[in-house]
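Residue strings, one per chain:
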Amino acid sequence: MRLLIFLTLIVTFFWKSLGTNACQSDLLFLIDSSGSVHEKWTLQLESVSNIISKLDLLNEKISVIVYASKMKQRTKIRFDNKLKTEDLQKMIKELPFFSGITATGAALRFAKKELENRRKHLKTNVVFVTDGFSYDNVTEPAKELHSLSDLRLFAISVNEPNNQEDLEILAGTPERVLKGTKASDRLVEMIRNECQPKMSDQLSTKEPTVSPLKSCKKSQQIDGY
Ligand SMILES: *[C@@H]1O[C@H](CO)[C@@H](O)[C@H](O)[C@H]1NC(C)=O
């Protein structure tokens, strides 16, 4: 009898963790720290902070790169960090403002290397926080980055003015270019929606269905969100 209970617990545990893994994803932030975003630097950091606080940190691994000119890219937080939320938030607040010119293209190539440390069986959300103005050309480096598997790219701009054209090149599509003070909330929504049943599923039944989630790669359950 005891053995049975024990086994049930074990199975339940693994089933649960399988479920929460279903829509697990990692997060890489690339934060523009060049002169043109100076006035909105704090606002940029608050957006990042907001995203981290609203997503389930137990499920996300987070990395943060801060960049400005061609020689100035720093990985300030690595994917393998074991930071608690409070410490992570403190580090975000204290990220350095570099100033100087912007080389987003160079930062993309730098990020591609950092992404080798991502968990490859999961989705990785890459979030550019920038006004989109860059002195180097982002087209080719963006193409190289987009060629990696299982990435979902977003570009957030809290700045005015911004360079819509390059923001779209970074995100790969205008739908994932998010602007203004609500941008971070919308991003959280979009990441979560990837793990929700589709509207049509919700309409057909009163209860949320535990149906296969088409948008999720290894989906089993709606657990965790
Ligand atoms: C960047 O390079 C691409 C080709 O790789 C070119 O089509 C585009 O016009 C360039 N952009 C700028 C702003 O020079």
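Residues numbered from 1 in each chain as written. Predicted model: local features only at pLDDT ≥ 70, side-chain atom pairs only at ≥ 80, totals over all residues.

An unreviewed UniProt entry annotates the chain as VWFA domain-containing protein originating from Mesorhabditis belari.

Colleague: Would you explain the overall build of the chain in this entry?
Modeller: From N to C terminus, the chain includes eight helices and six strands. For the chain, the N- to C-terminal ordering of α and β elements is α-β-α-β-β-α-α-β-α-β-α-β-α-α. For the chain, with 225 residues in total, the buried portion stands at 37%. In the chain, the share of contacts with a sequence separation of at least 24, taken over all contacts with a separation of at least 6, comes to 78%. (Helix = DSSP H or I, 4+ residues; strand = E, 2+ residues; numbered from the N terminus. Buried ≥ 20, exposed ≤ 12 C-beta atoms within 10 Å, placed from the backbone. Contact = placed C-beta atoms within 7 Å.)

Colleague: When you look at the confidence of the model for the chain in this model, what are you seeing that I'm missing?
Modeller: Reading predicted coordinates in detail is not appropriate for stretches of low pLDDT. In the predicted model, the chain carries a mean pLDDT of 83, and 76% of its residues have values of at least 70. Below a pLDDT of 50 lies the segment residues 15-21, which in the model reaches nine contacts outside its immediate sequence neighbourhood of four places, other chains included. In this model, residues 204-225 is a region of pLDDT below 50 whose contacts with residues beyond four sequence positions or in other chains number 42 contacts. (pLDDT = per-residue confidence, 0-100.)

Colleague: It is not clear to me how the sheet that holds strand β1 (residues 25-32) should be interpreted in this structure. Could you clarify?
Modeller: Across the sheet, six strands lie side by side as β3-β2-β1-β4-β5-β6; this open sheet has mixed pairing. Edge positions in the sheet fall to β3 (73-77) and β6 (177-179), since each of these pairs with one other strand and no more. Mean inter-strand twist for the sheet, computed between neighbouring axes without regard to direction, equals 20°. Here strand β2 (residues 62-67) pairs with β3 via four bridges, running antiparallel. By the bridge assignment for β3, valine 64 is matched with isoleucine 77. (Pairing = 2+ DSSP bridges. Axes fitted to C-alpha atoms, helices over the stretch in contact; angles between N-to-C directions.)

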